[in-house]
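Here is what each chain is made of, one letter per residue.
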Amino acid sequence: MTIRTYKPRRWRVTRGQAAALATDDALLLRMPGPMLDLKELFDNRPVVMEIGFGGGAATVQMAAANPAIGILAVDVHTAGIGDLLARVRARQLANVRVVKGDALLLAHTMLAAGALAGIRLYFPDPWPKTRHHKRRLVTAANSALLAAHTQPNGFWHIATDWAPYTTQILEVLSASPHWEGGVIARPEDRPATRFENTALRAGRPVTDLYYTRTA
Ligand SMILES: C[S@@+](CC[C@H](N)C(=O)[O-])C[C@H]1O[C@@H](n2cnc3c(N)ncnc32)[C@H](O)[C@@H]1O
């Protein structure tokens, strides 16, 4: 269905990550699977989907800071999923569920219309080469798909260190009838992610963008 937006990686899975992945406590949801009942899964909390959490350190900080918000954390890479599962269990967070798989496919096949209160997309793969631009996650088609699964007035918060991607996001979302918004100052409550720290060390400035789902 969708074009792959992530890079294939074969990171070694550590013993700790493997153990975290093997623990069966319903924290990890696998794909393919049945439609998710988010109200039941998150005990009626509003649910925010984070696409591509990496190692999940920032995910856990945000979840701990806001226990009334449910976090549906989605990534494809096994090592990072193991890290996030271990972090969530260590902090005994009740408001996080982790999905292994493609967030776009998840939206398409396992999420009801208007199910999400918001979406977080922090440092999506920039795909700098022109022939790879089609793999960028923020496209007209993906924006329409994500809008369909976000409630009216729900949000989409994006951060990137890749200036040409900022330009693409502004172009795609200003042309979209589903989203309204643009560049914002970096919110103080968004923790720095691993990729953000790498970007800042390399001298690349970071841009935050915030959109609201039109009613
Ligand atoms: C550049 S990393 C950023 C990770 C983290 N957000 C950070 O800032 O440190 C992008 C992440 O997005 C994930 N990703 C890309 N496309 C995805 C998709 N369609 N569904 C789920 N995860 C995806 C990748 O696997 C990778 O972990």
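Preceding this paragraph is the structure being described.
Conventions used here
Residues numbered from 1 in each chain as written. Predicted model: local features only at pLDDT ≥ 70, side-chain atom pairs only at ≥ 80, totals over all residues. Heavy atoms only, no water. Near = heavy atom within 4 Å. Polar contact = N/O pair within 3.5 Å; in protein donor to acceptor, adjacent residues only side chain to side chain. Areas by Shrake-Rupley, 256 points an atom, 1.4 Å probe, with all protein chains shown as cover. Helix = DSSP H or I, 4+ residues; strand = E, 2+ residues; numbered from the N terminus. Nonpolar A, V, L, I, M, F, W, Y, C, P; charged D, E, K, R; others polar. Phe/Tyr/Trp six-rings, centres within 6.5 Å; stacked < 30°, edge-to-face > 60°. Buried < 20%, exposed > 50% of the residue type's maximum accessible area, 1.4 Å probe, protein only. Lys NZ or Arg CZ within 6 Å of the ring centre and 35° of its normal. Contact = heavy atoms within 4.5 Å. Salt bridge = Lys/Arg side-chain N within 4 Å of Asp/Glu carboxyl O. Axes fitted to C-alpha atoms, helices over the stretch in contact; angles between N-to-C directions. Parallel < 35°, antiparallel > 145°, perpendicular 65-115°, else oblique. Left-handed = near helix turned anticlockwise from the far one by under 90°. Arc of directions from axis to C-beta.

### Structural notes on the site of the ligand
Here's step 1: The full set close to the ligand counts 19 residues, and T5, G52, D75, Y122 and T193 are the nearest of them.
Here's step 2: A distance of 2.9 Å separates a nitrogen atom of the ligand from a polar backbone atom of A103.
Here's step 3: Protein coverage of the free-state accessible area of the ligand, which is 600 Å², stands at 97%.
Here's step 4: Residue assignment for the shell around the ligand shows that the elements contributing at least two residues are β3 (70-75) and α8 (194-201).
Here's step 5: For the shell around the ligand, the per-class residue count stands at 9 nonpolar, 6 polar and 4 charged.

### Brief notes about the packing of aromatic side chains
Here's step 1: Tallied over the full model, the rule gives 2 aromatic pairs.
Here's step 2: Between W156 and W179, the ring centres sit 5.2 Å apart and the planes meet at 55°, which makes this aromatic pair tilted. Of this pair, W156 sits in strand β6 (residues 150-160) while W179 sits in strand β7 (residues 179-184), placing them 23 residues apart in sequence.
Here's step 3: W156 gets classed as buried once you look at its relative accessible area, which sits at 0%.
Here's step 4: Cation over ring: R190 sits above Y122, and NZ or CZ is 5.4 Å from the ring centre.

### What about the environment of W127?
Here's step 1: With respect to the secondary-structure elements, W127 resides in the loop between β5 (116-122) and α6 (140-148).
Here's step 2: Separated by 122 residues in sequence, W127 and T5 have C-alpha atoms that sit 8.5 Å apart.
Here's step 3: If we skip the residues at most four places from it in the chain, W127 touches R4, T5, Y6, K7, H132, H133, R135 and R136.

### Some details on the pattern of salt bridges
Here's step 1: This structure, assessed with the given rule, holds 5 salt bridges.
Here's step 2: The partner of D25 in a salt bridge is R89, and the shortest N-O contact between them spans 2.7 Å. With D25 in the loop between α1 (15-22) and β1 (28-30) and R89 in helix α4 (residues 78-90), this residue pair connects regions lying 64 residues apart in the sequence.
Here's step 3: Assessed through its relative accessible area of 36%, D25 is described here as partly exposed.
Here's step 4: With a relative accessible area of 23%, R89 lands in the partly exposed category.
Here's step 5: Where R190 meets D208, a salt bridge forms, and the shortest distance between an N and an O atom there is 2.8 Å. With R190 in the loop between β7 and α8 and D208 in strand β8 (residues 207-213), this residue pair connects regions lying 18 residues apart in the sequence.
Here's step 6: For D208, a relative accessible area of 2% gives the class buried.

### Some points on unusual backbone geometry
Here's step 1: Here M31 and P32 are connected by a cis peptide whose omega angle stands at 0°.
Here's step 2: By the element assignment, P32 lies in the loop between β1 and α2 (38-41).
Here's step 3: With a phi angle near 55°, D43 is a residue other than glycine that sits in the positive phi range.

### As for the packing of helix α3 (residues 57-65) against α4
Here's step 1: Two numbers describe how α3 lies on α4: the axes approach to 9 Å, and their chain directions differ by 30°. Between α3 and α4, the crossing angle belongs to the class labelled roughly parallel. You can see that α3 and α4 cross each other, and the crossing is right-handed. Residues A57, T59 and V60 of α3 form the contact with α4, whose own contacting residues are L84, R87 and V88.
Here's step 2: In terms of residue class, the contact of α3 with α4 is made up of 4 nonpolar, 1 polar and 1 charged.

### Focus on α1
Here's step 1: Within the sequence span of α1, burial applies to Q17, A20 and L21. Taken end-on, α1 shows its buried residues confined to a sector of 100°, consistent with a single buried face. Turned more than 90 degrees away from the buried face of α1, the exposed residues are R15 and A22.
Here's step 2: Buried residues along α1 sit against β1 and α4.

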